[in-house]
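# Results of the structural survey
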Amino acid sequence: GIAGNKARKLWSLSQVPAERFPPCIVSHGGPQSNSMLSLAAVVHAKRQQQQQQQQQQQQTRELDEEESNNGNGNNKNHNNNSSVFVYYTKMVPRWLRSNPSGNYARALALGMEVRQLPHATYDRIFASCEGVGDRPAELYESDSGNGDNRECASSSSSSSSSRSSRSSSRNDDT
């Protein structure tokens, strides 16, 4: 389970009713992050609640259809609208990809979807503007290398130079 600091930080997210839980939670950090595992656990629990609710609703619909059609109704499969957890990280070492272990293995088992980014792309997106990258389109495009270095928005007034010197697993300390 989740305990200590992580439990306090994720408490409000865990209190959101399953039917109002976001369809997608996105985070980033190191491949053995405690925060990654904690988020994966919360999303997994909510996904199970959502699936139980969907099964109950489907059973209710089937009973209603059976009553209204005297059993001649056709079963319609409804889309599974369960939440997902997408996690961006630098390239995962080959040994860890081939033999997942630790927090990485546990988060994968809980349904986490990993998106690996080249180190330079990851740093450019997530190590700027206190964790809010200035070019999120790069998450979906290849590294263009066009040298576009836009300034951070003024609302992110803290120093980003101290941010970039931190390790990529900074989420472990939060």
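Residues numbered from 1 in each chain as written. Predicted model: local features only at pLDDT ≥ 70, side-chain atom pairs only at ≥ 80, totals over all residues. Heavy atoms only, no water.

### Observations regarding a negative patch on the surface
Negative charge collects at one region of the surface, where E62, D64, E66 and E67 lie side by side. Position of E66 relative to the elements: it lies in helix α2 (residues 34–69). (Patch = residues over 30% accessible without salt bridge, like charges linked within 9 Å, V, L, I, M, F, W, Y side chains within 5 Å. Areas by Shrake-Rupley, 256 points an atom, 1.4 Å probe, with all protein chains shown as cover. Salt bridge = Lys/Arg side-chain N within 4 Å of Asp/Glu carboxyl O. Lys, Arg positive; Asp, Glu negative; His and termini not counted. Charge placed at Lys NZ, Arg CZ, Asp CG, Glu CD. Helix = DSSP H or I, 4+ residues; strand = E, 2+ residues; numbered from the N terminus.)

### Description of the pattern of salt bridges
All told, the structure shown has 2 salt bridges when counted by the stated rule. Salt-bridge contacts for K90 lead to D123; the nearest nitrogen and oxygen are separated by 3.1 Å. Taken as a pair, K90 in strand β2 (residues 84–90) and D123 in helix α5 (residues 119–126) lie far apart in primary sequence, 33 residues in all. For D123, a relative accessible area of 34% puts it in the partly exposed group. In this structure, R115 engages E113 in a salt bridge whose closest nitrogen and oxygen atoms are separated by 3.0 Å. (Buried < 20%, exposed > 50% of the residue type's maximum accessible area, 1.4 Å probe, protein only.)

### Things to note about the environment of L37
Mapping L37 onto the fold places it in helix α2. When its relative accessible area of 19% is taken as the criterion, L37 is described as buried. Counting along the chain gives 66 residues from L37 to N103, while the straight-line C-alpha distance between them is 5.8 Å. L37 has contacts with N103, R106, A107 and L110, leaving out every residue within four places of it along the chain. (Contact = heavy atoms within 4.5 Å.)

### Some points on the confidence of the model for the protein chain
Here the protein chain averages 74 in pLDDT, and 65% of its residues register 70 or above. Taken element by element, the predicted model of the protein chain shows its lowest mean pLDDT in helix α6 (residues 160–164) (33) and its highest in helix α4 (residues 102–109) (97). Across residues 142–174, confidence stays below pLDDT 50; counting only partners more than four residues off in sequence or on other chains, it has 42 contacts. (pLDDT = per-residue confidence, 0-100.)

### Focus on α5
Of all the positions in α5, only T121, Y122, I125 and F126 are classed as buried. The buried residues of α5 occupy an angular sector of 100° when the element is viewed end-on, so they sit on one face. (Arc of directions from axis to C-beta.)

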